[in-house]
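So the chains spell out like this:
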Amino acid sequence: MKRYPKLAFLLLVATICLGLVWVTERQARRALPPELYLSGARLTAFTSLEPIDSHTHVCASGPAFAQMLARLHMHVMDILYVDANNSYLAPTGSERQDALSFIAANPAHAQLCTTFNPYRFNEPDFSQTAVAALHDDYARGAVAVKIWKNVGMEITDASGRYIMPDDGRFEPILRDMVAQHKTLILHMADPDDAWGSGDRQGESARYYTVHPEWDMSRIRGAPQKDQILKARDHLLAMHPDLRIVGAHFGSLDMHLDALAAELDRYPNFAIDTAARMMSLVTQPRDRVRSFMIRYQDRILYGTDLMFYPGSTDQVVAQAWQKLYGLEWRYLSTDDRFYYDGIRVQGLNLPGPVLQKIYHDNAVRWYPGIETHWR
């Protein structure tokens, strides 16, 4: 009978320890430890690359944001796109002028990727007007052109058919891009969840609740993802002399074997990591690491981070720095830590690979991107 008090005490200790482990795990999932803020040796290693975030959307600025870019030696590709569902990003919105103002105020840290209005697709002078508008921005230093997902997922022609990126009416624009030595950024299709059954969870569920216009599973007659990507492949094949960067891991972030086949088939095709690191961390570490090393010349670092009017300068600067620190930790170390609530081990990529992903590939795939930075 004398053993029972001792046993009860041990059970109590075990319960407390388990509780502490549970609390620690929850805190680790929620809190950003200090090492995620780039500092010390990590900051030195990071800044030595003169990193380029090749996929951002910046139409505002402030002293804290500018200081963050300077401290991290960060250079950004500021990408424009047209979205008729958003008054600020609509053809008549002020996105373009605000982006140009940001770039003019930060010439050592920002470069422009322009776009054209795809909603004029059915007008007779569509291609001519688009080329003229692009030339205006080339004169302002634009080094690339973006075609967004509303081509393939939203805009239809006069007969009601969804327009695809390989439509002949884009040809004059693409031929002129080759002549002007510009690069095309293609955001074609969305993650698989866009065509899902509606039982999405987490961030995916929130996104399609806020943006039902991109929920292809609920739109009758909407093209399937494979159809859109086949049109992209046809475009790649038709224009072997046009440099094309597939945004968001080419929309094949969860299909690395298929993406590898695309990169092997089309030497004019590269990809950026924008907003897809969260997909990579869910996959086997060795598989992702092998992919990154194998295609080290074809992967550009990008985040899809945004800074639009109405956001708080200090808050945005801190959020960007946190993500840069988190993703640098994932790519450059073999630390074990939480990424967006997922327990991961860093890829520990070799230094030369990091140099390419964070800097060299952007310089190669976007000629002229460094013009104002030297």
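Residues numbered from 1 in each chain as written. Predicted model: local features only at pLDDT ≥ 70, side-chain atom pairs only at ≥ 80, totals over all residues. Heavy atoms only, no water.

Some thoughts on the environment of Gly221
Right, so step 1: Take Gly221: it is sitting in the loop between α8 (202–210) and α9 (225–238).
Right, so step 2: For the pair formed by Gly221 and Gly160, sequence separation is 61 residues and the distance between their alpha carbons is 10.0 Å. (Helix = DSSP H or I, 4+ residues; strand = E, 2+ residues; numbered from the N terminus.)

Things to note about the pairing of strand β7 (residues 269–272)
Right, so step 1: Here β7 shows no split at all, with Phe269 and Ile271 on one side and Ala270 and Asp272 on the other all buried.
Right, so step 2: Judged from the 3 bridges that link them, strand β6 (residues 244–246) and β7 form a sheet pairing that is parallel. Pairing of Ile244 across the sheet is with Phe269, part of β7.
Right, so step 3: Pairing geometry for β7 and strand β8 (residues 299–300), over 2 bridges, is parallel. Opposite Ile271, over in β8, you have Ile299 as the bridge partner. (Buried < 20%, exposed > 50% of the residue type's maximum accessible area, 1.4 Å probe, protein only. Pairing = 2+ DSSP bridges.)

A closer look at the confidence of the model for the protein
Note that predicted coordinates carrying low pLDDT should not be read in detail.
Right, so step 1: Summarising the model, the protein shows a mean pLDDT of 90, and 89% of its residues fall at 70 or more.
Right, so step 2: The low-confidence segment residues 7–30 (pLDDT under 50) makes 4 contacts with residues lying over four places distant or belonging to another chain. (pLDDT = per-residue confidence, 0-100. Contact = heavy atoms within 4.5 Å.)

Some details on unusual backbone geometry
Right, so step 1: With a phi angle near 60 degrees, Ser251 is a residue other than glycine that sits in the positive phi range.
Right, so step 2: Following the sequence through the fold, Ser251 ends up in the loop between α10 (247–250) and α11 (256–265).
Right, so step 3: Note on Ser251: relative accessible area 2%, which makes it buried.
Right, so step 4: In the Ramachandran plot, Asp340 falls in the positive-phi region, its phi being about 50 degrees despite a non-glycine side chain.
Right, so step 5: Looking at where Asp340 falls in the secondary structure, it is placed in the loop between β10 (336–339) and β11 (342–345).

Describing the nonpolar core
Right, so step 1: Counting 99 residues, the largest nonpolar core has Phe291, Trp320, Tyr324, Tyr330 and Leu331 as its most contacted members.
Right, so step 2: Looking at this core element by element, the count peaks at 8 residues for helix α14 (residues 313–332).
Right, so step 3: Look past the residues within four positions of Tyr324 in its chain and what remains in contact with it is Leu38, Phe46, Asp53, Met68, Leu72, Met74, Val76, Tyr301, Thr303 and Leu305.
Right, so step 4: Grouped together as the second largest cluster of nonpolar side chains are 15 residues, Ile52, Val143, Ala144 and Ala362 included. (Core = buried A, V, L, I, M, F, W, Y, C linked by side-chain atoms within 4.5 Å.)

Regarding the pairing of strand β4 (residues 144–147)
Right, so step 1: Alternating positions in β4 separate into two faces, Ala144 and Lys146 on one and Val145 and Ile147 on the other, with burial throughout.
Right, so step 2: In the sheet, strand β3 (residues 110–115) pairs with β4 via 3 bridges, with the strands oriented parallel. By the bridge assignment, Thr114 is partnered in β4 with Val145.
Right, so step 3: What joins β3 to β4 is helix α5 (residues 126–138), and the crossover it makes is right-handed.
Right, so step 4: As paired strands, β4 and strand β5 (residues 183–186) are joined by 4 bridges and run parallel to one another. Along β5, the bridge assignment pairs Val145 with Leu184. (Right-handed = clockwise from strand over helix to strand, strands pointing away.)

Observations regarding α9
Right, so step 1: The end-to-end C-alpha distance of α9, which contains 14 residues, comes to 20 Å, matching closely the 20 Å that a straight helix rising 1.5 Å per residue would cover.
Right, so step 2: Residues of α9 that are buried include every one of Lys225, Ile228, Leu229, Ala231, Arg232, Asp233, Leu235 and Leu236, and no others. (Expected span 1.5 Å × (residues − 1).)

Section: helix α2 (residues 40–48)
Structural remark: α-helix, 3.6 residues per turn; residues separated by three or four positions point the same way.
Right, so step 1: Of the residues making up α2, those classed as buried are Leu43, Phe46 and Thr47. Within α2, the buried residues cover an arc of 90 degrees as seen down the axis, which keeps them to one side. Opposite the buried face of α2, by more than 90 degrees, sit the exposed residues Ala41, Thr44 and Ser48.
Right, so step 2: Taken together, the buried residues of α2 touch α3 (63–72), α14 and α15 (351–365).
Right, so step 3: Just downstream of α2, Glu50 is the residue with a positive phi angle, here 50 degrees. (Arc of directions from axis to C-beta.)

A short note on the packing of α3 against α14
Right, so step 1: Interaxial distance between α3 and α14 falls to 7 Å at its minimum, and their mutual angle equals 25 degrees. As far as their axial angle goes, α14 and α3 are roughly parallel. Along its contact with α3, which presents Pro63, Ala64, Phe65, Met68, Arg71 and Leu72, the element α14 presents Asp313, Gln314, Val316, Ala317, Trp320, Gln321 and Tyr324.
Right, so step 2: Along the lines of polarity and charge, the residues of the contact of α3 with α14 split into 9 nonpolar, 2 polar and 2 charged. (Axes fitted to C-alpha atoms, helices over the stretch in contact; angles between N-to-C directions. Parallel < 35°, antiparallel > 145°, perpendicular 65-115°, else oblique. Nonpolar A, V, L, I, M, F, W, Y, C, P; charged D, E, K, R; others polar.)

Brief notes about the sheet that holds β5
Right, so step 1: Spatial ordering of the open sheet is given by β8-β7-β6-β5-β4-β3-β2-β1-β9, a layout of 9 strands whose pairing is parallel. The open sheet is flanked by β8 and β9 (305–307), the only strands paired with a single partner.
Right, so step 2: With 3 bridges joining them, strand β1 (residues 52–58) and β9 adopt parallel strand pairing. Among the inter-strand pairings, Thr56 is bridged to a residue of β9, identified as Leu305.

A word on the packing of aromatic side chains
Right, so step 1: Taken as a whole and judged by the stated rule, the model has 21 aromatic pairs.
Right, so step 2: When the ring of Phe65 is compared with that of Trp320, the centres are 4.8 Å apart and the planes differ by 85 degrees; the resulting orientation is edge-to-face. Pair noted here: Phe65 is in helix α3 and Trp320 is in helix α14, with a separation of 255 residues, a long-range link.
Right, so step 3: Classification of Trp320 by relative accessible area gives buried; the value is 1%.
Right, so step 4: Here the aromatic residues Phe46, Phe65, Phe102, Tyr301, Phe307, Trp320, Tyr324, Trp328 and Tyr358 are joined through ring pairs into a cluster of three or more.
Right, so step 5: When the ring centre of Tyr138 is taken as origin, the NZ or CZ atom of Lys182, which lies over that ring, is 5.0 Å away. (Phe/Tyr/Trp six-rings, centres within 6.5 Å; stacked < 30°, edge-to-face > 60°. Lys NZ or Arg CZ within 6 Å of the ring centre and 35° of its normal.)

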